[in-house]
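What the coordinates show
So you can see what is in the structure, the chains are spelled out below.
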Amino acid sequence: MIPGKLRLLLLLFVVPSLTGCWDHKVLQDMSYISSVGIDYRENQFVIYAQMVDFASVGKSESASSEEASSNIWVGKATGKTFALAVNNLYNTTQQRIHIGQISSVVFSQKALQKDLHQTIDMFERTEARLTPWIYTTEEPMDDLFSITPMFPQAPLLTILHSPEGNYKQHSIIRPMKLLEFAALYKEPSSSIIVPTLSIEKKNWEKKKKKMPEMWVNGAIIFHTEKNPRWVSKDDLLGVRWFEKKTNHTPLVLKDDKGHIKALLYMEHPKLRVTPELSKKGEPIYNLHIKVRGELTQLNVPMTKKRMKAEAAERIKAEIRSTYTSGLKSNVDVYHLEETMFRHRYADWKRLTMRKSFSLTKNSLREVHVDVEITNTGDSKFEI
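Residues numbered from 1 in each chain as written. Predicted model: local features only at pLDDT ≥ 70, side-chain atom pairs only at ≥ 80, totals over all residues. Heavy atoms only, no water.

1. Quick look at the overall build of the protein
Let me state the cut-off plainly: Only DSSP runs of H or I covering at least 4 residues are called helices, and only runs of E covering at least 2 are called strands; the numbering of each starts at the N terminus. Burial classes: relative accessible area under 20% of the type maximum marks a residue as buried, over 50% as exposed, and values in between as partly exposed (1.4 Å probe, protein chains only). The Shrake-Rupley method, run with a 1.4 Å probe sphere, supplies the accessible areas, and residue values consider only the shown protein chains as cover.
A tally of helices and strands in the protein yields 11 helices and 16 strands. Residues classed as buried in the protein amount to 45% of the 383 residues present. When the accessible surface of the protein is summed, it comes to about 21700 Å², and 53% of that surface belongs to carbon and sulfur atoms.

2. Remarks on unusual backbone geometry
For Lys207, which is not glycine, the phi torsion reads 55° and is therefore positive. Position of Lys207 among the secondary structure elements: in the loop between strand E9 (205–206) and strand E10 (209–210). Here Lys207 falls in the exposed class, since its relative accessible area comes to 78%. With phi around 70°, Lys208 is a residue other than glycine that occupies positive phi space.

3. Describing the pattern of salt bridges
Here is the rule: By salt bridge we mean one thing: a side-chain nitrogen of Lys or Arg within 4 Å of a carboxyl oxygen of Asp or Glu.
Counted by the stated rule, this structure contains 15 salt bridges. A salt bridge links Glu313 to Lys316, with the shortest nitrogen-to-oxygen separation between them at 3.3 Å. Within this pair, Glu313 and its partner Lys316 are both found in helix H9 (residues 304–328), separated by three residues, close to a single helical turn. You can call Lys316 partly exposed: its relative accessible area is 23%. Two residues, Asp347 and Arg350, come together in a salt bridge whose shortest N-O distance is 3.8 Å. Taken together, the positions of Asp347 and Arg350, both in helix H11 (residues 345–354) and three residues apart, correspond to about one turn of that helix. Owing to a relative accessible area of 17%, Asp347 belongs among the buried residues under this scheme.

4. A closer look at the nonpolar core
Basically, it comes down to this: Grouping buried Ala, Val, Leu, Ile, Met, Phe, Trp, Tyr and Cys residues that are joined through side-chain atoms within 4.5 Å yields what is termed a nonpolar core. For this analysis, residues touch if any pair of their heavy atoms sits within 4.5 Å.
By size, the foremost hydrophobic cluster in this structure holds 57 residues, and its most contacted members are Trp241, Ile319 and Val371. When residues of this core are assigned to their parent elements, the largest contribution, seven residues, is made by H9. Residue contacts for Trp241: discarding those within four places in its chain leaves Thr249, Leu251, Met266, Pro269, Leu271, Ile289, Val291, Ile315, Glu318 and Ile319. Counting residues in each nonpolar core, the second largest holds 33 residues, with Leu89, Leu112, Ile120 and Val194 among its members.

5. So, the sheet that holds strand E16 (residues 364–375)
For the record, the criterion: Strand pairing requires that DSSP identify at least two bridges connecting the strands. Angles run from 0 to 180 degrees between N-to-C directions of axes, and those axes are lines fitted to C-alpha atoms, restricted for helices to the stretch in contact.
Strand order in the open sheet made by the four strands is E13-E14-E15-E16, with mixed pairing throughout. What marks the edges here is a single partner per strand, and that holds for strand E13 (249–254) and E16. When strand polarity is set aside, the average angle formed by the axes of neighbouring strands in this sheet is 40°. The sheet contacts of H9 involve E13, strand E14 (260–277), strand E15 (283–298) and E16, and relative to E16 the element is tilted by about 140°. Together, E14 and E15 form the strand contacts of helix H10 (residues 336–343), whose direction differs from that of E14 by roughly 35°.

6. Structural notes on the pairing of strand E8 (residues 191–200)
The element E8 is largely enclosed, with a buried count of nine among its 10 residues. Summarising the sheet, strand E6 (residues 133–137) and E8 pair through two bridges and their orientation is parallel. Of the residues in E8, the one forming a bridge with Thr136 is Thr196. Here 10 bridges tie E8 to strand E11 (residues 213–223), and the two strands are oriented antiparallel to one another. For Pro195, the partnering residue across the bridge sits in E11 and is Ala219.

7. Quick notes on the environment of Thr148
Structurally, Thr148 can be placed in the loop between helix H6 (141–145) and helix H7 (164–169). The class for Thr148 is buried, based on a relative accessible area of 12%.

8. Re the confidence of the model for the protein
Convention followed: pLDDT runs from 0 to 100 and stands for how confident the predictor is about each residue.
For the protein, per-residue confidence averages 84 on the pLDDT scale, and residues scoring 70 or more make up 83% of the total. Confidence drops under a pLDDT of 50 for residues 60–65, and excluding neighbours within four residues, the segment shows eight contacts in the predicted structure.

Shown next as structure tokens:
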């Protein structure tokens, strides 16, 4: 037996040497991928990786735009499969790469049509998470990944990594997480709207030099795993009235000559979809929408009652226009089939056995819109 005093003496020498874990890794000795781009060309997956210097993330006040640009690195590699392309990217990295910090994944339209389930499966089996935002693009990935934020800010403060702020102020096409996409991808009646990132080169400049910035110019729409179709932002204005997270979206009222009569900002629509069958056994859908908003600009005298009526008619027109655009691309932009699947499964099963796409121009029947104007500012309505 070792005497108590001797044991205590040994502990005093041993404990100080146990200062950390054996597999402890110094953060500065690793590289962190912040975004992944996936393309498919010439029978090869093309992988792009954006890496930022995380030491610069906390130095946004003192960093210049040139410094922000220099803190962004873009890598590229190819491979027969997505996993092999990623492995080939590791070939030339100078440090160990950590992929658990990825905040966005960007697909080209071709990549979306090639072994997409394998790409999702790899994310599920590695240290990468399914929490990144998912986008599509037709822009060159290296150009997209090289864009820096406005002002001397951290490199991650762009729509690519942090779309919530932009969406709360301009709610048209809701940003989507990869987790949500993966959950809906295999659903037999689902429609998925994935925002498309583009590069705008005209709106902003610095010292007389045009500065490129990202914006959402449309979306790729999936419908029951078929080939995805792209629809422009202008043709998707109706989807905002189906999205409860719509927080701040502009609604312009015009006269017959196209002159602006009023501008309102609408928020938090509430939607009820009622699926039915026509006498011929075809699916029909009735919509009831309640939405509130506030008046921002009033150019002509108008009663409040008239403004609410015109706003309701404008919303109806957008909903029907977007629905028609979806039909042209053979996609269900409003997830109408999903309501039939959830509430009238037997009818849905019979309909989908007959044909793969059951919507027609007559499927969208009644569209009822209730508008409430909660704030008029200093504007005086006509009595």
